[in-house]
Amino acid sequence: MGFFVLMWAFFHKLGSPRWFYEISGKWLPWLSLLALSCLILGAVWGLAFAPPDFKQGNSYRIIFIHVPAAAVSMACYMVMAFAAAIHLIWKMKLADVVMRSCAPIGAALTLIALFTGSIWGKPTWGTWWVWDARITSVLILFFLYLGVLALYEAFENAESASKASAVLSLVGCVNVPIIYWSVEWWYSLHQPATIKLTEESTIHPDMLYPLLVMLCGFYAFFVVALLLFSRSEILYRERKTKWVKALAAA
Amino acid sequence: MNNLSVWAGFSATLRRDLLLAYRRRSDFANPLIFFLIVCSLFPLGIGPSPQRLAEMAPGIVWVVALLACLLASDTLFRSDFDDGSLEQMILSPVSLYLQVLAKTTAHWMLTGLPLALMSPLLALLLQLPSQGVIALMLSLLIGSAVLSLIGAIGAALTVSLRKGGVLLSLIILPLYVPVLIFGVAVVEAAVGGFAYSGLLAVLGAMLALALSLSPLAIAASVKISVDN
């Protein structure tokens, strides 16, 4: 019972942008430290010390950027859709801020995944681009992010903008499981997932560990970026309140 | 509210929309003419070689049908929004879910259905092998209903915006992709001489999903747009 009271209090506090701004300011240095150290460790380990691939030589090393970016871009969509649902159901201001902040970050991450994928595709498949199911689905994910952003910008009334793009991101949610399973459904050039939770991974441990470190780094980076975007969005929206004015004056 | 009045609300909205469309018959013909013209542009663009046309026909017909549905969906809620009928619909005791479902059904009967019925003619023009014609019609029949339901979400979201048209295509086209993939796959399987009932069933599953869930999103979007 005490736990639920505690959770409810936390949930209640989350409704206050000011509280979130203050608490996230305390988390930010630690999270940035985590992100930075994971990214540096993973990049040096993966690029310099991991063994070259038997078939692909050194060109496979872009996996250390490509896979984390693709994974986080999908997770970002889930965060956005979840925030959208919370905003629609409980009308929580903070959820709207998080949703708005997820869209540009997610669009950038999908772009990175597509870009690195095509750089990787040139030496291994001999072409910059193939209309493979997974690549196409990530492209669609990119378009979905753009759609949410465009819809958000189109409304002049902030309330309608956030509600309309919340509905759109929930509808687009249907696409994310399709992306996830697409490799199993329409198997073509793109290799199936090599990291599995339930059975033994088909990637060598020497490559797997740096990849996992990079994955942690990207997730931490995503959280840092999300907090930074949300904080500036909060400051903009609350620009007429006393506490923001006091902050600006200080 | 008993079952009878629920059904009455649905059928009254359906009848009203069909009647309105009947009074403005040229609006109804426009997407069909668009479909015909754009399909006839392709032989001019890629050359009249029957072999190449036959290869591309399933994709061409499907993509153009999709664009025709997209263009048509822009008008779905427009006039009702402008004259305030949409507000009355929200206020009425009949659930908004059923009313938007009825409106979308009427819209599909006026765009998707005639498109599907017209598709054998286009198949003939584009040299589609004869074993693919029935499959094309069936896939368009089911697929266009899904397109209408998805398009209605976009139409409801953008109806209150002055420049909704381009935005509508931006937010709706990505969601059309799975329908396009399976729609074309049905026709290509039939042309290749394979069984296509499984693929058709996937389209049917999409229709079931869209039919049950999209009216929720459409109703929510209508409310947002009217509040705006």
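Cut-offs used in this document
Residues numbered from 1 in each chain as written. Chains lettered and ligands numbered in written order. Predicted model: local features only at pLDDT ≥ 70, side-chain atom pairs only at ≥ 80, totals over all residues. Heavy atoms only, no water. Helix = DSSP H or I, 4+ residues; strand = E, 2+ residues; numbered from the N terminus. Rg over C-alpha atoms; globule rule 2.2 N^0.38 Å. Contact = heavy atoms within 4.5 Å. Salt bridge = Lys/Arg side-chain N within 4 Å of Asp/Glu carboxyl O. Buried < 20%, exposed > 50% of the residue type's maximum accessible area, 1.4 Å probe, protein only. Buried area = accessible area lost by both parts, 1.4 Å probe. Polar contact = N/O pair within 3.5 Å; in protein donor to acceptor, adjacent residues only side chain to side chain. Patch = residues over 30% accessible without salt bridge, like charges linked within 9 Å, V, L, I, M, F, W, Y side chains within 5 Å. Areas by Shrake-Rupley, 256 points an atom, 1.4 Å probe, with all protein chains shown as cover. Axes fitted to C-alpha atoms, helices over the stretch in contact; angles between N-to-C directions. Parallel < 35°, antiparallel > 145°, perpendicular 65-115°, else oblique. Left-handed = near helix turned anticlockwise from the far one by under 90°. Phe/Tyr/Trp six-rings, centres within 6.5 Å; stacked < 30°, edge-to-face > 60°. Lys NZ or Arg CZ within 6 Å of the ring centre and 35° of its normal. Expected span 1.5 Å × (residues − 1). Bend = angle between axes of the 7 residues up to and from the residue. Core = buried A, V, L, I, M, F, W, Y, C linked by side-chain atoms within 4.5 Å. pLDDT = per-residue confidence, 0-100. UniProt positions renumbered as here; feature names shortened; annotations may be inferred. Nonpolar A, V, L, I, M, F, W, Y, C, P; charged D, E, K, R; others polar.

1. Here we look at the overall build of chain B
Counting its secondary structure elements, chain B contains 10 helices and zero strands. The C-alpha atoms of chain B give a radius of gyration of 18 Å, which matches the 17 Å a tight globule of 228 residues would have. If one aligns the C-alpha atoms of chain B with their principal axes, the spans along those axes are about 55 × 35 × 30 Å. Partitioning the intrachain contacts of chain B with sequence separation of at least 6 by distance along the chain shows that 80% fall at a separation of at least 24.

2. Quick look at the pattern of salt bridges
Inspection of every chain in the model, using the stated rule, returns 11 salt bridges over all chains. Linking B:Arg162 and A:Glu156 is a salt bridge whose minimum nitrogen-to-oxygen distance equals 3.8 Å. Taken together, the residues span two chains, with B:Arg162 in the loop between helix H8 (133-158) and helix H9 (164-191) and A:Glu156 in the loop between helix H5 (133-154) and helix H6 (158-172). For the residue pair B:Arg162 and A:Glu156, the accessibility class agrees, reading exposed in each case. Close ionic contact of B:Arg78 with B:Asp74 constitutes a salt bridge, the shortest N to O distance being 3.3 Å. A relative accessible area of 22% places B:Asp74 in the partly exposed class.

3. Some points on the interface of chain A and chain B
Counting from both sides, the interface comprises 19 residues of chain A and, opposite them, 20 residues of chain B. Interface area for chain A against chain B, summed over the two sides, is near 1,700 Å², with a carbon-plus-sulfur share of 83%. For the interface between chain A and chain B, the tally reads one salt bridge. At the boundary of chain A with chain B, the tally comes to one residue pair in polar contact (both at pLDDT 80 or more). When residues of the side of chain A that touches chain B are traced back to their parent elements, those giving at least two are H5 and H6 of chain A.

4. Here's the deal with a nonpolar patch on the surface
Residues and elements named next belong to chain A. Judged by side-chain polarity, Leu 36, Ile 40, Leu 41, Val 44, Trp 45, Phe 49, Tyr 209 and Leu 212 come together as a nonpolar surface patch covering roughly 800 Å² of accessible area. Elements with a minimum of two residues in the nonpolar patch: helix H2 (17-49) and helix H8 (205-237). The dominant element in the nonpolar patch, judged by the number of residues it contributes, is H2, at six residues. Note on placement: Trp 45 falls in helix H2.

5. A word on the packing of helix H3 (residues 63-90) of chain A against H6(A)
A packed helix pair is summarised by two numbers, namely the angle formed by the two axes and the spacing between the axes. All names here are of chain A. Packing of H3 against H6 leaves a shortest axis separation of 8 Å and a crossing angle of 130°. As the angle between them shows, H3 and H6 are arranged oblique. Handedness of the H3/H6 crossing: left-handed. Along the contact surface, H3 presents Tyr 77, Met 80, Ala 81, Ala 84, Ala 85, His 87 and Leu 88, while H6 presents Ser 162, Lys 163, Ala 166, Val 167, Leu 168, Ser 169, Leu 170 and Gly 172.

6. Section: unusual backbone geometry
The residue A:Lys91 is not glycine, and still its phi comes out positive at about 55°. Here A:Lys91 shows up in the loop between H3 and helix H4 (93-125). In this structure, B:Gln127 takes a positive phi of about 60° despite not being glycine.

7. Digging into the packing of aromatic side chains
Two descriptors summarise a pair of aromatic rings, namely the distance from one centre to the other and the angle between the planes of the rings. Inspection of the entire model under this criterion finds four aromatic pairs over all chains. Their ring planes at 25° and their centres at 5.5 Å tell us that B:Trp7 and B:Phe10 sit as a pair that is stacked. Remark: B:Phe10 and B:Trp7 occur in helix H1 (residues 3-23); sequence separation between them is three residues, near one turn of the helix. By relative accessible area, B:Trp7 is classed as exposed at 52%. Over the ring of A:Tyr21 we find A:Arg231; its NZ or CZ atom is 4.2 Å from the centre of that ring.

8. Looking at H2(A)
Residues and elements named next belong to chain A. The terminal C-alpha atoms of H2 lie 44 Å apart, and with 33 residues this matches the ideal 48 Å at 1.5 Å per residue to within 8%. Of all the bends in H2, the greatest, near 35°, is centred on Trp 27, and the proline Pro 29 appears no more than four residues after it. Turning to H2, its buried residues number three or more, namely Pro 17, Phe 20, Tyr 21, Ser 24, Leu 28, Leu 31, Ala 35, Cys 38, Gly 42 and Gly 46.

9. Re the nonpolar core
Counting 123 residues, the largest nonpolar core has B:Phe35, B:Phe77 and B:Val222 as the members making the most contacts within it. It is H9(B) that provides the largest number of residues to this core, a total of 13 residues. If you look at the next biggest cluster of nonpolar residues, it comprises 17 residues, including A:Leu14, A:Ala35, A:Val224 and A:Val244.

10. Considering H8(B)
For H8(B), built from 26 residues, the straight-helix expectation of 38 Å at 1.5 Å per residue is met to within 8% by its first-to-last C-alpha distance of 35 Å. For H8(B), the tally of buried residues reaches 20 of 26 residues, placing the bulk of the element in the interior.

11. Focus: the confidence of the model for chain B
All names here are of chain B. On average, residues of chain B score 89 in pLDDT, and 98% of them reach the 70 mark or higher. The spread of mean pLDDT over the elements of chain B runs between H1, the lowest at 84, and H8, the highest at 94. Across the whole predicted complex the pTM is 0.86, and at the interface the ipTM reaches 0.86.

12. Some points on the UniProt feature "transmembrane region" (unreviewed entry) in chain B
Here, the residues flagged by UniProt with the feature "transmembrane region" (unreviewed entry) are residues 28-47, 59-77, 106-126, 133-159, 165-187 and 199-222 of chain B. Helix makes up 100% of residues 199-222 of chain B and strand makes up 0%, while its end C-alpha atoms are separated by 33 Å.

13. Observations concerning the packing of helix H2 (residues 25-46) of chain B against helix H7 (residues 112-125) of chain B
All names here are of chain B. Between H2 and H7, whose axes approach to 11 Å, the crossing angle comes to 20°. One element, H2, and the other, H7, form an angle in the roughly parallel class. The crossing of H2 and H7 is right-handed. Where H2 approaches H7, its residues Phe 28, Leu 32, Phe 35, Leu 36 and Cys 39 are matched on the opposing element by Pro 114, Leu 115, Met 118, Leu 121, Leu 122 and Leu 125. Tallied by class, residues from the contact of H2 with H7 come to 11 nonpolar, no polar and no charged.

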